[in-house]
Amino acid sequence: MTHLEQRAREYARQNQERFLDQLKEFVSIASVSTDPEARSEMVRAAEWVAARLRALGVNQVEVAPTGGHPAVVGEWLGAPGQPTILIYGHYDVQPVDPLELWQSPPFTPEVRGENLYGRGASDMKGQVMAVLSALEAVRVTTGGTFPVNLKFLIEGEEEIGSPSLPKFITQNRQRLQADFCLNPDSGMLGAQYPTITYGLRGIITFELRVSGPKSDLHSGIYGGVVHNPAVALAELIAGMHDASGRVTLPGFYDDVLPITAAEHADFARLPLDDAYYLEQTGVPALWGEPEYLPDERVGARPTLEVNGLLSGFTGAGFKTVLPAQAMAKLSCRLVPKQDPAKIAAGLRQYLEQNAPRTVRWELVEFGGSPASISDVNQPGVKALQKALESVWGVQPFFKREGGSVPVVTQMQTLLGMESVITGFGLPDDNLHAPNEKLHLPTWYRGIEAMVAFLFNAAEN
Ligand code: BES
Ligand code: MN
């Protein structure tokens, strides 16, 4: 480790409290991208990030319009001859409901024990701030420089599938061009297991609406002659899996690549057995395709999920109604080679073949994004591997994750750019759930790892 790196890492350790204060400020902005009423908070979050970048000496910082929520871009090109790294992040967060289950308000960040609680603390304001804090440590201790050239893309639509990003990337090709992208939007297997993610699943999302009678009916007067839309929807959903947990939609597995023996060995090496998933989730028993390991089912197999169900009367007490409508929010996680459009066509075909004549149905598609596999032999991965090892003292795990980060595929196809993917969140951080939190001792290590990464990424 060079003297400069050592000084920057010391600075990072000495300034943990201040970094935490900055993160709290960021987390207190209610930037829920899916909420039309949060528009001004989205702009406030983007401006907040832009101000941080300017304070770090980043040039050409702009809160750039995208057609949707703005993206923050900027660059620092003061290291001629050194690689250029595009730093990706998202300032948007998921909705907070059910609000009553939060122990402290989601946008009033609070430290309890070793954790910071608040929406976005882990996904991914904490990860963005790990990188920006590392940059501050480097900048201050080197007298205003960085060991590599930097570009920034901090977007506001990741949690809604990054719909405006393909066009923005295409129109800003030059401004974003870099040797590779650092994407800290993934996480770790556990606090002692630094992790590099080299695969992410794709996704496609839907709303399935089933309707029957022209209005809600008295279930005594019409029960027995009208097919209840809630029951019809439940039957359709139940038919989407077989008894072994396989999805029954036509063509669903057509393009899925088999898991090779080498890949299987990689999955089997990870410390993610049945007991791990039982403990993390609290379910009485696991479920899913029995011939695959649990981490294979998450990382390398496609799925279909119900994300929400709505029909009839759900208040206190009861109401004898035969509901006019029922609705389900559905999504499929996809693996490499699966085409979101083909999967959507398969779902439509399933509905055409299986929906009963007694109800009407409508399928709304919200768009999708294909899966990604990243090159593990690129120099950025080596730099990250070395950085993680120098902080945790163990070799990082390489993992294919089940979550989706659409920008990774977008950068591959639109810019020919590979991503180096990591993150310092933990599996029990309650992502997308009440009481989201960030484990601070792990986050501080993450900041130091990002300092080390910046030095490792330079070609000496
Ligand atoms: N950071 C997550 C994805 C993730 C989670 C990667 C855990 C690795 C481990 C990301 O912000 C996310 O949640 N993405 C959404 C995308 C969707 C809304 C299009 C997802 O995966 O549900
Ligand atoms: Mn995220």
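This structure is a prediction, so every number in the text was calculated from the model and none was measured. (Residues numbered from 1 in each chain as written. Chains lettered and ligands numbered in written order. Predicted model: local features only at pLDDT ≥ 70, side-chain atom pairs only at ≥ 80, totals over all residues. Heavy atoms only, no water.)

Undergrad: Help me understand the environment of Leu53 in this model?
TA: By the element assignment, Leu53 lies in helix α3 (residues 39-55). Its relative accessible area of 0% is what places Leu53 among the buried residues. Each C-alpha atom, one on Leu53 and one on Val63, is 11 Å from the other, the two residues being ten residues apart in sequence. Setting aside its immediate chain neighbours within four residues, Leu53 contacts Val58, Val61, Val72, Leu132 and Phe152. (Helix = DSSP H or I, 4+ residues; strand = E, 2+ residues; numbered from the N terminus. Buried < 20%, exposed > 50% of the residue type's maximum accessible area, 1.4 Å probe, protein only. Contact = heavy atoms within 4.5 Å.)

Undergrad: Before we go on, may I ask you to explain the coordination of the manganese ion (ligand 2) in this structure?
TA: Six octahedral donors around a metal ideally make angles of 90 or 180 degrees; four tetrahedral donors ideally make 109.5 degrees. Donor atoms from the polypeptide that bind the manganese ion (ligand 2) are His90 (NE2), Asp123 (OD) and Asp185 (OD), placed at 1.8 to 2.2 Å. Written as a sequence motif, the donor residues of the manganese ion (ligand 2) are H-x32-D-x61-D. Pair noted here: Asp123 is in helix α4 (residues 121-142) and Asp185 is in the loop between β7 (180-183) and β8 (195-200), with a separation of 62 residues, a long-range link. Asp185 sits in the buried class, given a relative accessible area of 11%. (Donors = N, O, S within 2.8 Å, 3.2 Å for Na, K, Ca; no water.)

Undergrad: In this structure, what is going on with unusual backbone geometry? I would like to understand it.
TA: The bulk of non-glycine residues show a negative phi, and the bulk of peptide bonds are trans. A cis amide bond links Asp97 with the next residue in sequence, Pro98, at an omega value of 0°. Along the chain, the position of Pro98 falls in the loop between β3 (84-90) and β4 (110-112). We note that His432 has phi near 65°; this positive angle belongs to a residue other than glycine. Tracing the backbone through its elements, the reader meets His432 in the loop between β17 (419-421) and β18 (437-439). Notably, Asn435 is not glycine yet its phi reads approximately 60°, a positive angle.

Undergrad: Even after reading the chapter, I still don't get the site of ligand 1, so can you show me in this structure?
TA: Around ligand 1 there are 15 residues in total, and Glu158, Asp185, Arg333, Ser404 and His432 lie nearest to it. Here His90 contributes a side-chain N or O atom positioned 3.3 Å from an oxygen atom of ligand 1. In this structure, a nitrogen atom belonging to ligand 1 sits 2.9 Å away from a main-chain N or O atom of Ser404. In isolation ligand 1 offers 520 Å² of accessible surface; the protein chains occlude 86% of this area. When its residues are assigned to classes, the shell around ligand 1 shows three nonpolar, six polar and six charged. (Near = heavy atom within 4 Å. Polar contact = N/O pair within 3.5 Å; in protein donor to acceptor, adjacent residues only side chain to side chain. Areas by Shrake-Rupley, 256 points an atom, 1.4 Å probe, with all protein chains shown as cover. Nonpolar A, V, L, I, M, F, W, Y, C, P; charged D, E, K, R; others polar.)

Undergrad: I'm lost on the nonpolar core in this one. Help?
TA: Generally speaking, a soluble globular protein has its nonpolar side chains buried in company with each other. In terms of nonpolar packing, the biggest core is built from 70 residues, with Val72, Ile85, Tyr91, Leu135, Leu150, Trp443 and Phe453 touching the most fellow members. The dominant element in this core, judged by the number of residues it contributes, is helix α15 (residues 440-457), at twelve residues. Here Ile85 is in contact with Val148, Asn149, Leu150, Lys151, Ala178, Phe180, Leu182, Phe453 and Ala457, once residues within four sequence places are set aside. (Core = buried A, V, L, I, M, F, W, Y, C linked by side-chain atoms within 4.5 Å.)

Undergrad: What is the right way to look at empty space enclosed by the protein in this model?
TA: Rolled over the atoms, a probe as big as a water molecule pinpoints where empty space is left. In this structure the tally under the stated criterion is one cavity of 30 Å³ or more. Computed from the structure, the largest cavity encloses a volume of approximately 30 Å³. Taken together, Thr66, His69, Ala71, Glu155, Gly156, Glu157, Ser164 and Leu165 form the lining of the largest cavity. For the lining of the largest cavity, the per-class residue count stands at two nonpolar, four polar and two charged. (1 Å grid on protein atoms, 1.4 Å probe; cavity = no way out; pocket = protein on both sides within 12 Å on 5 of 7 lines; lining within 4 Å. Points joined across faces, edges and corners; volume = space filled by probe spheres on them.)

Undergrad: Could you clarify how one ought to interpret the packing of α3 against α4 in this entry?
TA: When two helices pack together, their arrangement is given by the angle between the helix axes and the distance between those axes. The geometry of α3 relative to α4 is characterised by a closest axis approach of 10 Å and an angle of 20° between their N-to-C directions. Accordingly, the angle class assigned to the pair α3 and α4 is roughly parallel. In the packing of α3 onto α4, the handedness of the crossing is left-handed. Between α3, through Trp48, Arg52, Leu53 and Ala55, and α4, the contact on the second element is made entirely by Met129, Leu132, Glu136 and Arg139. (Axes fitted to C-alpha atoms, helices over the stretch in contact; angles between N-to-C directions. Parallel < 35°, antiparallel > 145°, perpendicular 65-115°, else oblique. Left-handed = near helix turned anticlockwise from the far one by under 90°.)

Undergrad: Help me understand the pairing of β3, please; the structure alone is not making it clear to me.
TA: Where a strand is regular, its side chains alternate between the two sheet faces. β3 sits mainly inside the fold: seven of its seven residues count as buried. Of the two faces of β3, the one lined by Thr84, Leu86, Tyr88 and His90 and the one lined by Ile85, Ile87 and Gly89 are each fully buried. As judged from the seven bridges shared by β3 and strand β6 (residues 149-155), these two strands associate in the parallel manner. Among the inter-strand pairings, His90 is bridged to a residue of β6, identified as Glu155. Here β3 pairs with β7 via three bridges, running parallel. From the neighbouring strand, Ile85 faces β7, where its bridge partner is Phe180. (Pairing = 2+ DSSP bridges.)

Undergrad: Would you take a moment to explain the domain arrangement of the protein for this structure?
TA: By a widely used convention, the size of an interface equals the accessible area lost when the partners come together. The domain architecture assigned to the protein consists of domain 1 (3-200 + 371-459) and domain 2 (203-256 + 302-369). Computed over C-alpha atoms only, the centres of domain 1 and domain 2 are separated by 36 Å. Tallying the contact residues gives seven residues for domain 1 and six residues for domain 2. Buried area between domain 1 and domain 2, summed over both chains or domains, comes out near 540 Å², and the portion from carbon and sulfur atoms is 53%. Run the count over domain 1 and domain 2 and you get zero salt bridges. Counting across the domain 1 and domain 2 interface gives one residue pair in polar contact (both at pLDDT 80 or more). Split into classes, the residues belonging to the side of domain 1 that touches domain 2 amount to three nonpolar, three polar and one charged. (Domains from an automatic or database assignment. Buried area = accessible area lost by both parts, 1.4 Å probe. Salt bridge = Lys/Arg side-chain N within 4 Å of Asp/Glu carboxyl O.)

Undergrad: Help me understand the environment of Trp392, please; the structure alone is not making it clear to me.
TA: Within the secondary structure, Trp392 sits in helix α13 (residues 379-392). By relative accessible area, Trp392 is classed as buried at 9%. Residues Trp392 and Ala191, 201 residues apart in the sequence, show an inter-C-alpha distance of 9.3 Å. Those residues in contact with Trp392, other than ones at most four positions away along the chain, are Met188, Ala191, Gln192, Pro194, Phe424, Thr442, Arg445, Gly446 and Ala449.

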